[in-house]
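Structure at a glance
Take a look at the letters that make up each chain.
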Amino acid sequence: MSNSSFITEFPLLPFADARELQLWHFWLFLSISLAALMDNGLIITSTAYDQHLHTPRCFFLLNLSLLDLSCISTPDPKSMANSLWVTRAFSYTGWVAQLFVFLFVISAEYSLLTIMSYDHYVAICKPLHYGAHLGSSACVHMAAAAWGTGFLSALLHTANTFSLPLCGGNAMEQLFCEIPHILKLSCSHSYLREVGLLSLRFCLALGCFVFIVGCYVQIFMAVLRIPSEQGCHKAFSTCLPHLAVVSVFVPTAVFAYMKPPCISSPSLDLVLSVLYSVVPPAVNPLIYSLRNQDPKDAVRKQMTACVSAAIRCLFSSSKGSQCR
């Protein structure tokens, strides 16, 4: 029986045997990663520098974009490198670090999505108390609680997962390190500890999901009582992007971790991993920007300023002066 303490690396199995499919995987993931980096980067800089976007909702959107950047930057580079180059070895320390960061980001993002649903609930159902419930200090404390929850959850799961003895080999059939695939390599009944932790995490996630659903039930009841069509449209424009993000992120993540082993397959695991770890960071900025005019205007203003600065720099360079 080989213990995890004697394992120095985890070889990552190829995405496909055909070289053409490996290159297709590389270019596809590279395009998605670059789009996510650009979109989330624009949201972060626009929210940070535009005074009109210094609101609780945009503050939470800023934190969501930071988490999305971390999420897309954790598994994708190594996965793309494995598709591009022949070597596929991944160090044991690298696997631990990747699992910790990934769990940290996913847990924090789910907590933040729960907080954002409360923000929408207060804004629509209790607008007169919005400043009292979501002041600057309250927003900072809630965001810090989301990040702290993610850190503690990741620390607990990572420490427990990599304390398990492994005897089922060390080859991974996934794009990145995930708990269910490490549990398959365990040769001890001690893996039941991690199953218990996952079950507890599922119960907490279910509680957050019930809270989100409860908030939106109250929101839709309040929206239906709004007499003006413009008011209804504004309320739905505020809530629908968040609801769309939750609908994509939560079911796929829960199913990926809690699905029965009898229906598990490499292709299904791959699709689920992409749906909850790669797709949301790329589409979240688009979803929020398309339905909210303020972030869209701020991004457009920033892009215009960048293009203008680049043009001025080109003209200054052609005249021999320095760009500033």
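Residues numbered from 1 in each chain as written. Predicted model: local features only at pLDDT ≥ 70, side-chain atom pairs only at ≥ 80, totals over all residues. Heavy atoms only, no water.

A few points about the nonpolar core
- In this structure, Phe60, Leu113 and Tyr257 are the most contacted members of the largest nonpolar core, which totals 56 residues.
- When residues of this core are traced back to their parent elements, those giving at least two are helix H2 (56–73), helix H4 (92–125), helix H6 (136–161), helix H7 (179–184), helix H8 (191–224), helix H9 (229–258) and helix H10 (266–277).
- Tallying contributions element by element places H4 first for this core, with 17 residues.
- Leave out the neighbours within four places in its chain, and Leu113 touches Leu64, Ile212, His242, Val245, Val246, Phe249 and Tyr288. (Core = buried A, V, L, I, M, F, W, Y, C linked by side-chain atoms within 4.5 Å. Buried < 20%, exposed > 50% of the residue type's maximum accessible area, 1.4 Å probe, protein only. Helix = DSSP H or I, 4+ residues; strand = E, 2+ residues; numbered from the N terminus. Contact = heavy atoms within 4.5 Å.)

Things to note about the side chain of Asn40
- Note that Asn40 resides in helix H1 (residues 19–49).
- In this view, Asn40 contacts Ser65, Asp68, Leu69, Pro281 and Pro285; residues no more than four positions away in its chain are not counted.

Section: the environment of Met258
- Assignment of secondary structure puts Met258 in helix H9.
- For Met258, a relative accessible area of 34% gives the class partly exposed.
- The spacing of Met258 and Ser199 is 59 residues in sequence and 8.0 Å in space, taken between C-alpha atoms.
- The contact partners of Met258, leaving out residues within four places of it in the chain, are Leu198, Ser199 and Phe202.

Concerning the packing of aromatic side chains
- Applying the stated criterion across every chain yields a total of eight aromatic pairs.
- Between the aromatic rings of Phe59 and Phe60, the centroid separation amounts to 5.8 Å while the plane-to-plane angle is 55°, which identifies the pairing as tilted.
- Judged by its relative accessible area of 1%, Phe60 is buried.
- Note on Tyr118 and Tyr121: the rings are 6.4 Å apart at their centroids and 35° apart in plane angle, and the pair reads as tilted. In this pair, Tyr118 and Tyr121 are both assigned in helix H4, three residues apart and thus about one turn of the helix distant.
- Accessibility expressed as a relative area gives 22% for Tyr118, which makes it partly exposed.
- The exposure class of Tyr121 is buried, given its relative accessible area of 18%.
- A network of ring pairs unites the aromatic residues Phe100, Phe104, Trp147 and Phe151 as a single cluster. (Phe/Tyr/Trp six-rings, centres within 6.5 Å; stacked < 30°, edge-to-face > 60°.)

Comments concerning the confidence of the model for the protein chain
- Of the residues in the protein chain, 73% reach a pLDDT of 70 or more, and the chain-wide mean stands at 77.
- Mean pLDDT per element in the protein chain: helix H12 (residues 293–318) is the minimum at 62, and H6 is the maximum at 90.
- Segment residues 1–5 is flagged for pLDDT under 50; beyond a separation of four residues in sequence, or across chains, it makes 12 contacts in the model. (pLDDT = per-residue confidence, 0-100.)

Some thoughts on the side chain of Thr114
- For Thr114, the position within the fold is in helix H4.
- Judged by its relative accessible area of 10%, Thr114 is buried.
- Those residues in contact with Thr114 that lie beyond four places of it in its chain are Cys208, Phe211 and Ile212.

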